[in-house]
Structure formats: structure tokens, C-alpha cells
Amino acid sequence: MAKGQLEVLSALDKARTQWYHFTAIIIAGMGFFTDAYDLFCIPTVTKLLGRIYYGHSSGTDVGTLPVNVNAAVSGVALCGTLAGQLFFGWLGDKLGRKKVYGLTLMIMMISAIGSGLSIGKTAKSVMTSLCFFRFWLGFGIGGDYPLSATIMSEYANKKTRGAFIAAVFAMQGFGILAGGAVSIVVSKAFMTAFPVEAPHTPPEADFVWRIILMFGAVPAALTYYWRMKMPETARFTALVAGNAKKAAMDMSNVLQMDIHEDQKVVEAIARDEATKFCLFSNEFLKRHGSHLLGTTSTWFLLDIAFYSQNLFQSNIYSKIGWVASAKEMSGIEEVYKIGRAQSLIALCSTVPGYWFTVLLIDRIGRFKIQLMGFFFMTVFMFAIAIPYGYVSTHITLFLVLYAFTFFFSNFGPNSTTFIVPAEIFPARLRSTCHGISAAAGKAGAIIGAFGFLYLSQDGSTKGYPRSIGPRKSLLILAAVNALGFLFTFLVPETNGRSLEDLSGENEEVLEITGSSGRSNQALHL
């Protein structure tokens, strides 16, 4: 046992990999599966929404969403996610991880169903209703980030903690795949049942987007019961709630071993003023200020680049021939082809990157993987941007460079920025600090998805003002990745160390009990 560490926490750190670890990964991971499905299914149906509700007012043959409406429908969930990360991160430290965990799923279920039931007599009222429910859907999704990461880090042993947290996050890849797959299945069924010639859209297409959006409630509903059955994490129960005996009893049942804890030690910790420093206090900034700056800045910079991928997907789809011109397809067929293209890209670059991280993170370490990821993202972004005139006309080369960029984002900072904030902060502030870090990332995502959407315009896309164009945008994004590489040096390596060593909580126990000898004796009573 580490000097000064409570026996129940030492038992968790040293526990062999057991079935409860995999159960926790599935329960927490299904939340991220749902998150990714809900966030990434919307691109498959936005063009259909334009055909159905703006087919006449837009003045085009097939109808498209107005620029402002498209931005609202696509981006309102990101705004909700940012708010949810901050709120539920804070609430998870105040009320406990378990008490809040089921609430996020309930919000996601209700909002997914509400999104599909958006109604109104006019296009504006339908889009307003959809945006309302998409915001609250994002709010629930945001809560899942700090809670899932914190719960998994506090349940895991220190030897394989990185892989377990990464496996939870890797479920996003399967959620993205599911978004494409459900779009394919639903659209194919409607294409068969209601065939029409291009570019027409049958009235029944209004059910297609609703079914796809509402399906997001299914995995959330399947997971809800099991989330409610999970015990509170021992680290929250012992270090935050101050009930060491309850923590020992819960983990004795989980680990199937006898654990005895001295309640007096935990009570002494709770009484000590040195352990009660608040977020952004001088003591917090002294101990963890640089860490929080590192986690927030790297996640912010990463998501600017990561969410900018939407700038090029439609270009890739059309040039490869995966998605034809809108006039050459029916509205439902367009959903089918976009879903297929999204699934292929996820299968080839997104999913492999996540699982490379799962396999290697506890061998290579978080720090090296994050540095490597930012480095190669910078290299490949520059490789696309500098000879952009040549690369953009050679679509195979463009696709390879594009795929490698986002492979190394997932086998790199997109995974590690999620993992590290759940490891380096004290238990009483862990969920809050993770939520702040994640919210910084979502602020970057909003800039990447919409700021660079406008910056990258060269005047060829109707409805968007001319700006600096794609080449200069890519150069800026490459520089953003380079900054991420530099800010990574503010983040410590956490591989193989206990959470209490990383946060300094073991030192607090030693100081309170007087010496390591008396501490260890007390902790083993």
C-alpha cells in the first residue's frame, strides 16, 4: 500500500482485472455510445430537413436549410453540451457521481424522443422545437463527460486505468458507426417502400429523420437500470462524503474480499483545514493551476482542429463519388448515401484510432501519445495545406492525408485529453475540473465547426460570404495543433500512479496522521 493511502483505495489500485471492471466499462461506455450517436446522426438528416421544409422558399429545386438554420440545428447541441459539462461536473462533486449519473441519461432519453416529435405548422416552428430539444439533449450529453470519466478512473486499478477510461471513450466510435448504420437501414426501408424519382422527396420522408433522431433514446434506456445499480465510487464515499466504512463495505462486495477501514483517519482528514482548499483558491492554483491550464488548453486546441473535419467531408463525399449531386438523388437516397459515407470514414480512421489508444496507452503513457498525436496532426495538416492546389485535385492523396490526421487525433489527444483530467485532481474537485476541461474543449469545437466554416469560404458556396479560403484555414489549423503540442508540456504523466499520489491526497493523510509509520498502522486497524 502507498504510504498514507487508505486501505480501500489501495485495494482498488491493486485489484486484478475482474468482471466488474468490464461491467463498468460497458455501463459508462454505452453513455458515450449514445452521446456520439446523438451528436453525429444529425449530419445525415440536415439535407433532408432542407428538402422537406425549405423546398420552395429557398428558390432551389431540392431545397436546402438556410445558413443560419443549418448552423442552429447542427450547433445547438454543442452549446448544450458545454453547459452540461460545467453543471454536471460541479454537481457530481457536490452530490456524488451515482446520484447524478442516471439524471443525465434521463435527460438524453427525453430529449432524443422530443427531437423526433418536433412539430409545428411552419418550418420555423419545427426547427425551433428541434433546436430546443437538441439543446437539452446536448445538456445531458455534457453531463456524461465528467461523470463517466471520473467514475471509471475511480473504479479502475492503477495498472490498466488508462485503457479502461480510453475504452469508455472509444465507444464514441461505435456510436458514430451506429448513427450511419441506423440512417442506412431506415432510409433503405423507406426507399423500398416509397420509391420516387430524383430529385423528389416523398411525403413519408418526414418520418425518416424523426425515427433516426428518436433511436438515440434506445441505448440510453437500455443502460439506465444498470447505472442505478452501480454503487457510489469508494473515493467519493471515503474522501468526499467522509464515510470510510461504507466505502470499505461497498468495495468488499465489488472486489469480493474483506476490507477494513479506520473511520477516525477519514474524520481527521475531513477536519483538517489544509484539505479544504476550494477551486481557484491560492492553494489550488499552487498545486493544480498549471495542470488545469494544461488540460483546458490542450482540449480547447484539439477540438478546434477535430471539429473542423466537417469542412472537408462533403467535398470528399462528392469527389470520391460516395454522394452524388442533390439533383441526382431523392431526399431519402441522400440520407442513405451520407450515412454510408460517414460509416466508411468512421470505420477506416476514427474507430481504429480509439482502439490503438486502448491497447497502448498503459504501455506508452498519456504524455507521449498526446505529443505524438499533436505532432502528426500538425504534419498532416501542413501536408494538406501547403500544396493545397495539388492535393485538392488528387482526391486519393487528400483522403489518405485526411484519414491519417484524424487517426492520430483519436490515437492521440482526442483520447488523452479525456483521460488525464479524471486522474490528476483531488477527489472533491475531480468531476468539476474534468467538466471545466471538457467545456473548454466544446468551446473549441464551436469555433472549429462554425468559425472555420465561415473562414474557409472562397465564395463558391451560396449563402456564405467570401473569407480567407480553405488553404489559409488549414494553415491556421496546423498552427493550432502545434500549439497543442507545446501546451501538452503542462500536463504530467499519470501512467501507473495512484490517483491519490497524483492529486497529493496521500501526502495529506501522512501529514494528518503524523508520520508514515503511525499512518500505516492506523490505516490497517
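The structure presented is a predicted model; accordingly, all values stated were derived computationally and were not measured. Each chain carries its own residue numbering, running from 1 in the direction its sequence is written. The predicted nature of this model means local features are confined to residues of pLDDT at least 70 and side-chain atom pairs, given and counted, to a pLDDT of 80 or more, with totals for whole chains, interfaces and linings taken over all residues. Heavy atoms throughout the structure, all of them, feed into the side-chain values; hydrogens and water do not.

### Quick look at the overall build of the chain
Working step 1: Within the chain, the secondary structure is distributed over 24 helices and zero strands.
Working step 2: Of all 525 residues assigned to the chain, the portion counted as buried reaches 59%.
Working step 3: When checking whether two residues touch, look at their non-hydrogen atoms; a contact exists if any pair is within 4.5 Å. Counted over contacts in the chain with a minimum sequence separation of 6, partners at least 24 positions apart contribute 82%.
Working step 4: Here the Shrake-Rupley method, with its probe set to 1.4 Å, supplies the accessible areas, and only the displayed protein chains count as covering residues. Roughly 20400 Å² of accessible area belongs to the chain as shown, and the carbon and sulfur atoms make up 66% of that amount. Put simply, DSSP H or I for four residues or longer makes a helix, DSSP E for two residues or longer makes a strand, and each gets a number counted from the N terminus. Accessibility here uses a 1.4 Å probe with only protein chains present; expressed as a share of the type maximum, an area under 20% marks a residue as buried, one over 50% as exposed, and anything in between as partly exposed.

### Quick look at unusual backbone geometry
Working step 1: Of the consecutive residues alanine 198 and proline 199, the connecting peptide bond is found in the cis state with omega at 0°.
Working step 2: Mapped onto the fold, proline 199 is located in the loop between helix 7 (161–193) and helix 8 (206–214).
Working step 3: Not every positive phi belongs to a glycine, and phenylalanine 280 is a case in point at roughly 70°.
Working step 4: Here phenylalanine 280 lies in the loop between helix 12 (263–271) and helix 13 (282–306).

### Structural notes on the packing of aromatic side chains
Here the distance between the centres and the angle between the planes together describe a pair of aromatic rings.
Working step 1: Aromatic rings from Phe, Tyr and Trp, with only the six-membered ring used for Trp, were paired whenever their centres fell within 6.5 Å, and each pair was classed as stacked if the ring planes differed by under 30 degrees, edge-to-face if by over 60, and tilted otherwise. Scanning all chains against the criterion turns up 41 aromatic pairs.
Working step 2: Through a chain of ring-to-ring contacts, three or more aromatic side chains come together here, namely Phe356, Phe375, Phe376, Phe380, Phe404, Phe407, Phe408 and Phe411.
Working step 3: The aromatic ring of tyrosine 101 is capped on one face by arginine 227, whose charged end is 3.6 Å from the ring centroid.
Working step 4: Two thresholds decide whether a charge sits over a ring: the Lys NZ or Arg CZ must be within 6 Å of the ring centre and within 35 degrees of the ring normal. When the ring centre of phenylalanine 277 is taken as reference, the NZ or CZ atom of arginine 428 above it lies at 4.5 Å.

### Digging into empty space enclosed by the protein
Working step 1: Method remark: on a 1 Å grid restricted to protein atoms, a set of points is classed as a cavity if a 1.4 Å probe fits but cannot get out and as a pocket if it is open with protein on both sides within 12 Å along at least five of seven lines; lining residues have an atom within 4 Å of a point. Grid points are joined across faces, edges and corners, and a volume is the space filled by probe spheres set on the points. For the structure on display, the rule yields four cavities of 30 Å³ or more.
Working step 2: Reported here for the largest cavity is a volume of approximately 70 Å³.
Working step 3: Lining the largest cavity we find Phe40, Tyr145, Phe169, Gln172, Ile176, Trp299, Asp303, Phe306, Tyr307, Tyr354, Asn414 and Lys442.
Working step 4: For the lining of the largest cavity, the secondary-structure elements that each account for two or more residues are helix 7 and helix 13.
Working step 5: Under the convention adopted here, Pro, Cys and the residues Ala, Val, Leu, Ile, Met, Phe, Trp and Tyr are nonpolar, Asp, Glu, Lys and Arg are charged, and Gly plus all remaining residues are polar. Residues of the lining of the largest cavity, tallied by class, amount to eight nonpolar, two polar and two charged.

### As for a nonpolar patch on the surface
Working step 1: To count toward a patch, a residue needs a relative accessible area above 30% and no salt bridge. Like charges then connect within 9 Å, nonpolar side chains (Val, Leu, Ile, Met, Phe, Trp, Tyr) within 5 Å. Here a salt bridge means any side-chain nitrogen of Lys or Arg lying within 4 Å of a carboxyl oxygen belonging to Asp or Glu. Residues Leu103, Met106 and Ile110 make up a contiguous nonpolar surface patch of roughly 260 Å² in combined accessible area.
Working step 2: Considering the arrangement of structural elements, one finds isoleucine 110 in helix 5 (residues 97–116).
Working step 3: Using a relative accessible area of 52% as the deciding quantity, one classes isoleucine 110 as exposed.

### Side note on the side chain of serine 330
Working step 1: Secondary-structure assignment places serine 330 in the loop between helix 14 (310–320) and helix 15 (331–364).
Working step 2: Using a relative accessible area of 7% as the deciding quantity, one classes serine 330 as buried.
Working step 3: Beyond its immediate chain neighbours, meaning those up to four positions away, serine 330 contacts Arg51, Val196, Ala198, Pro199 and His200.

### Digging into the pattern of salt bridges
Working step 1: One pass over the full model with this rule turns up 15 salt bridges.
Working step 2: Note that arginine 161 is salt-bridged to glutamate 423, the shortest N-O span being 2.7 Å. Of this pair, arginine 161 sits in helix 7 while glutamate 423 is found in the loop between helix 19 (413–419) and helix 20 (430–455), placing the two residues 262 residues apart along the sequence.
Working step 3: Judged by relative accessible area, which is 0%, arginine 161 ranks as buried.

### Quick look at the packing of helix 7 against helix 15
Working step 1: Interaxial distance between helix 7 and helix 15 falls to 8 Å at its minimum, and their mutual angle equals 165°. Considered as vectors, helix 7 and helix 15 are oriented roughly antiparallel to each other. Seen along the crossing, helix 7 lies across helix 15 with a hand that is left-handed.
Working step 2: For the contact of helix 7 with helix 15, the class distribution of residues is 22 nonpolar, 12 polar and five charged. Angles run from 0 to 180 degrees between N-to-C directions of axes, and those axes are lines fitted to C-alpha atoms, restricted for helices to the stretch in contact. Comment on the angle field: the value is read as roughly parallel under 35 degrees, roughly antiparallel over 145, roughly perpendicular from 65 to 115, and oblique elsewhere. Helix crossings get a hand from a simple test, with the near helix turned counterclockwise from the far one by less than a right angle marking a left-handed crossing and a clockwise turn marking a right-handed one.

### Focus on the nonpolar core
Working step 1: What is meant by a nonpolar core is a set of buried Ala, Val, Leu, Ile, Met, Phe, Trp, Tyr and Cys residues, joined one to another through side-chain atoms within 4.5 Å. By size, the foremost hydrophobic cluster in this structure holds 134 residues, and its most contacted members are Met127, Trp209, Ile212, Met251 and Phe418.
Working step 2: Counting residues per element, this core draws most heavily on helix 7, which supplies 15 residues.
Working step 3: Excluding anything up to four places from it in sequence, methionine 251 contacts Val8, Leu12, Tyr155, Pro231, Glu232, Ala234, Gln256 and Ile259.
Working step 4: In terms of nonpolar packing, the next biggest core, distinct from the first, is built from 10 residues, Leu292, Leu429, Cys433 and Val491 among them.

### A word on the side chain of threonine 357
Working step 1: Topologically, threonine 357 is positioned in helix 15.
Working step 2: Exposure remark for threonine 357: the relative accessible area of 0% places this residue in the buried category.
Working step 3: Excluding anything up to four places from it in sequence, threonine 357 contacts Ala166, Asn410, Phe411, Gly412 and Ser415.

### Looking at the environment of glycine 120
Working step 1: Mapped onto the secondary structure, glycine 120 falls in the loop between helix 5 and helix 6 (123–155).
Working step 2: The class for glycine 120 is partly exposed, based on a relative accessible area of 42%.
Working step 3: Residues within four places of glycine 120 in sequence aside, it is in contact with Ser125 and Val126.

### Quick notes on helix 2 (residues 19–40)
Working step 1: By definition here, a helix of n residues has an expected span of 1.5 Å times n minus one. The terminal C-alpha atoms of helix 2, which comprises 22 residues, lie 31 Å apart, in line with the 32 Å expected from a rise of 1.5 Å per residue.
Working step 2: Burial within helix 2 is extensive, with 17 of its 22 residues counted as buried.

### Here we look at the environment of serine 148
Working step 1: Relative to the helices and strands, serine 148 resides in helix 6.
Working step 2: Note: C-alpha distance between serine 148 and alanine 28 (120 residues apart in sequence) is 5.5 Å.
Working step 3: Each residue touching serine 148, except ones within four places of it in the same chain, is listed here: Ala28, Phe32, Tyr101, Val168 and Arg227.

### As for the confidence of the model for the chain
Working step 1: pLDDT is defined as a per-residue confidence score from the predictor, taking values between 0 and 100. The share of residues in the chain with pLDDT of 70 or more is 90%, and the mean pLDDT across the chain is 87.
Working step 2: This model gives residues 515–525 a pLDDT under 50, and the stretch forms 26 contacts once residues within four places in sequence are excluded.

### Points about the packing of helix 16 (residues 366–385) against helix 18 (residues 395–410)
Working step 1: Relative to each other, helix 16 and helix 18 sit at 160°, their axes nearing to 8 Å. As summarised for this structure, helix 16 and helix 18 are arranged roughly antiparallel, according to the angle between their axes. The element helix 16 and its partner helix 18 pack so that their crossing is left-handed. Contacts between helix 16 and helix 18 pair Met372, Gly373, Phe376, Met377, Phe380, Met381, Ala383 and Ile384 from the former with Phe398, Leu401, Tyr402, Phe404, Thr405, Phe408 and Ser409 from the latter.
Working step 2: Considered class by class, the residues forming the contact of helix 16 with helix 18 number 12 nonpolar, three polar and no charged.

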